[in-house]
Amino acid sequence: MSTAAFKSYRPPVIEPSNEGELLEVAMGPHHPSTHGVFRMDVALDGEIVIKLKPVFGYLHRNHEKIAEKASYLASMPYTDRLDYFCSMTNNWAYAIAVEKLAGIEVPERAQYIRVITAELTRIQNHASAIGFLLQEMGASGTPLMYAFREREKILDIFEELSGSRMMCNYMRFGGCRVELPKDWLEKVAAIVDGLPRFIDEIEALLTGNEILMARTQGVGVLKPDLAVNAGITGPMLRATGVNYDIRKVDRYGIYDRFEFRVPLGDHGDIYDRYMVRVLEMRESVGILRQALKDVPAGPIVDPKQKVRGFRPKPGEAYGRIEGPKGELGFYLISDGSGNPYRYRVRPPSLINLTVLEDMCIGQNVADVVLTFGSVDIVLGEVDR
Amino acid sequence: MKTAEEILAAIKTALPEAKVELVQNPSVSGQHSLVVAPEDGLAVAVFLRDDSELALDFCSNATGVDWLDKETTEKVKATEVVDGEEKVIEKTVKHIQPGYLESVYHLYSMRQKHGPVIFRMRTANRTDQVELPSMTPVWRSCEFQEREIFDLFGIVFKGHPDLRRILMWDEFEDHPMRRDYVDPDDYEYEPTPHDEVLKRAQEHQAQQNEAKQAAEVTQ
Amino acid sequence: MAVEPDLKIELGKQGVFVTTLNELYNWGRRNSVWPMQFGLACCAIEMIATTMARYDLARFGAEVFRPSPRQADLMIISGTVTKKMAPQVVRLYNQMAEPRYVIAMGACAISGGPFKQGYNVLKGIDRYIPVDVHIPGCPPRPEALIHAFMTLQKRIEEQPLTGENRPRHLDADAQGLFPVPEPGAHDLVPPVNRLVWPLPAPKPDATEKQG
Ligand code: SF4
């Protein structure tokens, strides 16, 4: 069957000028930017980027293959290590997919705790993302120091809750793993009260900063139609002005009970991405305040839920959440046995990199690292 | 949001020749999928994306699944003539259902805020006819994901602008996510070996001993 | 020829400072280890956290993270080394100037850790390069990295300048370049470097059991 012409999106092609030769540079896999083992094969015409091909796989740790050999629950700690900034949201996404597959209900109290941990994760992720972006701009130290100072506070809270700073492994199918420690909610409330001050501080330092504006406004511009077609999600999509937040669209968990706005950008450039992240942190603080007010009593996980010998009926399910980096989805196929037949992670970081080439072509080479930093990726998730 | 049946009907009215089937998902998630014949894949995909009501402009997830050959045994009763007598003999007959590779796409609509619609295509077999049309021209988000499927499952996407290995190195020959992939035996000795690793470690140890003995004999 | 500690203290009280060249040399080296800015996976985030204000690796003279291997003495292998990355890790190690040290941070760098069963995961970086300090943990806490750092400092301090056990950079015959593995059709070639990763001597009872 023939298809009529349809619109398809490809990266722009620019002709090199005739002076001099093209310079081909392999940026990475070891390079001074703080994002880990990632390589970009860049062709330069003077200072201008003509071609950019990302090369992945330097951290391909076979998460999917290992998960297909392990039981459902055994993959939960591995999800922590996908996007190692946001283990709580990763846990949640996986739990949602399994809950969809097996039809498990989650008790009220666990829902609230999930929201609280997820929003804390979002705040610390966005803070670190901004810190790293500035680090890549050459603001060596200060913003990242500030971000990590705040992150440490949140990590302490997580450690108290789950026993580990980074790899929380906290959620379970149909709830959470352990009951809250004594006074935990009060401690979270104290931290949440301190957060607006921190965000103000970051904004005072950066938002009106002339250097930041000069380096980021109009750089790495992404158009909304391309962003949608390329499956971009998360703050990067919303910076282009497309209103798509899975917390609002799917209303998973109990997000329909909270009032929050979805910050949108206008230009889709790096500055807008920065701004959307800052505003999202503010909204998260709002959600946290609402959630902390009325955490109900009750069980943290359905006591009837089987932990050992968990065997969902044959079938498949795709579950997704709005992770801090974008849409994090898990696709599971069950054949009725104790381990998934197919286990797939939909990595927002990898898919958000699809348009890296489009954003960088025609720009100065100095902006490549900046554009790359503004995507906010974690290599553990890109390569899995 | 239309149900999967309605979407199927819409495809049938728009593209009457397309071979599309609905596959029920027995799980409680109720995410049924449309199986499209590879030759009609592109046309159906363009319809799904550009239809104003469906407007599935966002292909969220693209992945591959490897279905091995399935062996089913069946008992068949047959009458046979043995020594001039008619006897009813039970026989077991083996059926081999050939395996295939499958590509799965989860489509959502950002404009209409609905989804998912699941779109699958299947190859003819697992060995030599592993070609499927690429969806990258329709949804750019498939670009890296299809490269990943090509790398890990070995599905060749026709029409993909840049089909190379993405995660493994270029010299690598296998498709590691296939169910019958045998991974390299690089377990040597391990501090606390157990299960399969212990078996492999012992094999390595035995080989090592043999090599040592051989060396001693020649000395 | 070390000076008796008691005598040293006694002399110190009198305003006489005695030391040996060896001690002075190692003291200087110990307190100015420059790590390479080299992160691989999750553990790298803990490494970054260690350098930040709260844990402050600068107290140990190691805050100068260098992006170039030529300027670094210490490689902190922080995270999973995949087979695709292993050749690059060895190459970076080769590019570092002597004296150089390696800390294997986290279960992955030691043995493959949680991802040991993966087809693309190297089961321990010490298959290709010598490692000085191993830190267990997944991820090791920043305190553990600091502890590893102090262990390394102690090691540096104890290194003699002459004799059998002198460090590699003072030994003209020592091996400096380590072979870089090549990516093969199914695995890295060679899968291990036998010089740094010898097989263990066969245990007699183990062979009998297999018998
Ligand atoms: S040891 Fe654990 S935390 Fe460290 S890199 Fe490996 S999986 Fe990540």
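Residues numbered from 1 in each chain as written. Chains lettered and ligands numbered in written order. Predicted model: local features only at pLDDT ≥ 70, side-chain atom pairs only at ≥ 80, totals over all residues. Heavy atoms only, no water.

Visitor: An account of the overall build of chain B is requested, with residue identities and associated values reported.
Guide: Broken down by element type, chain B carries 4 helices and 9 strands. Reading chain B from its N terminus to its C terminus gives the helix and strand order α-β-β-α-β-β-β-β-β-β-α-β-α. Relative to the 2.2 N^0.38 estimate, which gives 17 Å for 219 residues, the radius of gyration of chain B is 25 Å and therefore markedly larger than a compact globule would have. A fraction of 53% describes how many contacts in chain B between residues 6 or more apart in sequence connect residues 24 or more apart. Working note: accessible area of chain B is about 10,900 Å², and carbon and sulfur atoms make up 50% of it. (Helix = DSSP H or I, 4+ residues; strand = E, 2+ residues; numbered from the N terminus. Rg over C-alpha atoms; globule rule 2.2 N^0.38 Å. Contact = heavy atoms within 4.5 Å. Areas by Shrake-Rupley, 256 points an atom, 1.4 Å probe, with all protein chains shown as cover.)

Visitor: An account of the interface of chain A and chain B is needed here, citing residue identities and associated values.
Guide: Listed by partner, the interface residues are 53 residues for chain A and 58 residues for chain B. Carbon and sulfur atoms make up 55% of the surface buried where chain A meets chain B, a total of about 4,600 Å² over both sides. Counting the contacts that link chain A with chain B gives 6 salt bridges. For R10 of chain A, the salt bridge is made with E143 of chain B, and the minimal N-O distance between the two is 3.3 Å. Connecting chain A to chain B are 27 residue pairs in polar contact (both at pLDDT 80 or more). For the side of chain A that touches chain B, the secondary structure elements donating two or more residues are β3 (48-55), α1 (63-69), α3 (87-102), α8 (224-229), β6 (315-322), β7 (327-334), β8 (342-346) and α12 (348-352) of chain A. Residue contributions to the side of chain A that touches chain B peak at 5 residues, all from β6 of chain A. Class assignment for the residues of the side of chain A that touches chain B results in 25 nonpolar, 11 polar and 17 charged. (Buried area = accessible area lost by both parts, 1.4 Å probe. Salt bridge = Lys/Arg side-chain N within 4 Å of Asp/Glu carboxyl O. Polar contact = N/O pair within 3.5 Å; in protein donor to acceptor, adjacent residues only side chain to side chain. Nonpolar A, V, L, I, M, F, W, Y, C, P; charged D, E, K, R; others polar.)

Visitor: Quick one: what's the story with the site of the ligand, residue by residue and with numbers?
Guide: In the vicinity of the ligand lie 16 residues, with C42, C43, A107, C108 and C138 of chain C positioned nearest. The environment of the ligand is shared, with nearby residues belonging to chains A and C. Elements represented by at least two residues in the shell around the ligand include exactly α3 (42-51) and α5 (106-111) of chain C. Residue contributions to the shell around the ligand peak at 3 residues, all from α5 of chain C. Class assignment of the residues belonging to the shell around the ligand gives a composition of 10 nonpolar, 4 polar and 2 charged. (Near = heavy atom within 4 Å.)

Visitor: Go over the sheet that holds β6 of chain A, please, and point to the residues and values.
Guide: Residue and element names in this part refer to chain A. The 3 strands are arranged β6-β7-β8 in an open sheet whose pairing can be described as antiparallel. One side of each edge strand has no neighbouring strand; the edge strands of this open sheet are β6 and β8. This sheet shows a mean twist of 10° between the axes of neighbouring strands, independent of strand direction. Here 5 bridges tie β7 to β8, and the two strands are oriented antiparallel to one another. The residue of β8 that forms the bridge with F330 is V345. (Pairing = 2+ DSSP bridges. Axes fitted to C-alpha atoms, helices over the stretch in contact; angles between N-to-C directions.)

Visitor: Just give me the short version of the UniProt feature "domain: NADH:ubiquinone oxidoreductase-like 20kDa subunit" (unreviewed entry) in chain C, but keep the residues and values in it.
Guide: Taking the numbering used here, the UniProt-annotated feature "domain: NADH:ubiquinone oxidoreductase-like 20kDa subunit" (unreviewed entry) corresponds to residues 42-151 of chain C. In this annotation, residues 42-151 of chain C is assigned 33% helix and 12% strand; the end-to-end C-alpha distance for the span is 22 Å. (UniProt positions renumbered as here; feature names shortened; annotations may be inferred.)

Visitor: Tell me about the UniProt feature "binding site: [4Fe-4S] cluster" (unreviewed entry) in chain C, and name the residues and values.
Guide: Taken from the UniProt record, the annotation "binding site: [4Fe-4S] cluster" (unreviewed entry) applies to C42, C43, C108 and C138 of chain C. The greatest C-alpha distance among the residues just named is 9.9 Å, despite their covering 97 residues of sequence, which places them together in space. Within the secondary structure, C42 of chain C is located in helix α3. In this structure C42 of chain C touches R61, R81, Y84, M166 and M167 of chain A, once residues within four positions along its chain are discounted. By the secondary structure assignment, C138 of chain C is in the loop between β3 (133-135) and α6 (142-158). The class of C138 of chain C is partly exposed, set by a relative accessible area of 31%. (Buried < 20%, exposed > 50% of the residue type's maximum accessible area, 1.4 Å probe, protein only.)

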